[in-house]
Amino acid sequence: MQLNIYKNYQELSEQVARQILQQVIDKPEAVICMASGDTPKLTCQLLAAMAAKEGTDFSRATFIGLDEWLGIPPDNTGSCHYFLHHYLFEPLRLATGQVFVFDALTANPAKACADMDAVIAEKGGIDLMIVGIGMNGHIGFNEPGVSFNLHAHVIDLDETTITVGQKYFAEPVPLSQGITLGLQHLLDARKAIVIANGAKKAGIIYKTIHNKIGNDIPATVIRLHNNGEIAIDEEAASMLTR
Ligand code: GLP
């Protein structure tokens, strides 16, 4: 596993955006999985700007949304759907057939999971997976205690996730379950990058790197990946040097 520490959020985001762009230049039909959330926001914005400036052709790429709050409508500005469309899919002018996200309002979540697994398999697997990390060490909605070997699944959200998750919403919302790609998807991806910025992530980044690998800190799974990377800024790295 590779650890890259960048000076600040801007530099981190530039490097990650550059890696996504390069992936699409190297393999125009690449399959890319993106997290939503505060961490990848600047990456998305910079990627869209770089792609426009450099005229990169994204028309053959496929984008997969990492996760979603079950029951939250797509037009809610706190939904992952809204984030990905607003910050990534629309700025990159992706066609409907190029993007796959979970339907939070589905009457059949098990089918939604099976469909997502099937899309990823049909497209030949994920080339590049960019994920954030929750304050409890979750990846997507793979909460503490989750099996490392799951594909897409529905999960009861951890108390920390329910509390922290309110930050995305204009008004308080009831959050109870998530629908998410599994950690097996991350292990199967050809390249996986965990990104984190800010001092508030320093503690969980320390644990991700130094704790025993296990599902009490799901993000430790990145250390099992043969092409895994942790990309963070100096603030998120601040406990590593102590
Ligand atoms: C959220 C999402 C994850 C995200 C993580 C970190 O709850 N389920 O996909 O990566 O927590 O979020 P943030 O980047 O806002 O800190």
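What this report covers is the structure whose coordinates are included nearby. As the structure is a computational prediction, the values presented were derived from the model and not from experiment.

The full set close to the ligand counts 14 residues, and Thr-39, Asp-67, Lys-167, Tyr-168 and Lys-201 are the nearest of them. Here a nitrogen atom of the ligand and a side-chain polar atom of Asp-67 are 2.7 Å apart. Side-chain polar atom of Lys-201 to an oxygen atom of the ligand: 2.7 Å apart, as the coordinates give it. Taking 390 Å² as the accessible area of the ligand by itself, protein coverage stands at 95%. Residue classes in the shell around the ligand are distributed as four nonpolar, six polar and four charged.

Counting 50 residues, the largest nonpolar core has Met-129, Leu-181 and Ile-205 as its most contacted members. If you list the elements that add at least two residues to this core, you get strand E2 (31–34), helix H4 (109–122), strand E6 (128–131), helix H6 (183–188), strand E9 (191–196), helix H7 (202–210) and strand E10 (228–233). If you tally residues by element for this core, the top one is H4, at five residues. In this structure, Met-129 is in contact with Cys-33, Leu-66, Leu-181, His-185, Leu-186, Ala-189, Lys-191, Ala-192 and Ile-193, ignoring residues within four places of it in sequence. Counting residues in each nonpolar core, the second largest holds 31 residues, with Ile-20, Ala-51, Phe-83 and Val-99 among its members.

Moving on, we get to helix H3 (residues 80–89). Of the residues making up H3, those classed as buried are Cys-80, Phe-83, Leu-84, His-85, Leu-88 and Phe-89. Contact partners of the buried residues in H3: E2, helix H2 (41–54), strand E3 (62–65), strand E4 (67–69) and strand E5 (99–100).

Sheet architecture is open: seven strands sit in the order E1-E10-E9-E6-E2-E3-E5, paired in parallel fashion. This sheet does not close on itself; its edge strands, each paired only once, are strand E1 (2–6) and E5. Relative to E9, E6 runs parallel, the two sharing four bridges. Within E9, the residue paired with Ile-130 across the bridge is Ile-193.

What counts as what
- Residues numbered from 1 in each chain as written.
- Predicted model: local features only at pLDDT ≥ 70, side-chain atom pairs only at ≥ 80, totals over all residues.
- Heavy atoms only, no water.
- Near = heavy atom within 4 Å.
- Polar contact = N/O pair within 3.5 Å; in protein donor to acceptor, adjacent residues only side chain to side chain.
- Areas by Shrake-Rupley, 256 points an atom, 1.4 Å probe, with all protein chains shown as cover.
- Nonpolar A, V, L, I, M, F, W, Y, C, P; charged D, E, K, R; others polar.
- Core = buried A, V, L, I, M, F, W, Y, C linked by side-chain atoms within 4.5 Å.
- Buried < 20%, exposed > 50% of the residue type's maximum accessible area, 1.4 Å probe, protein only.
- Helix = DSSP H or I, 4+ residues; strand = E, 2+ residues; numbered from the N terminus.
- Contact = heavy atoms within 4.5 Å.
- Pairing = 2+ DSSP bridges.

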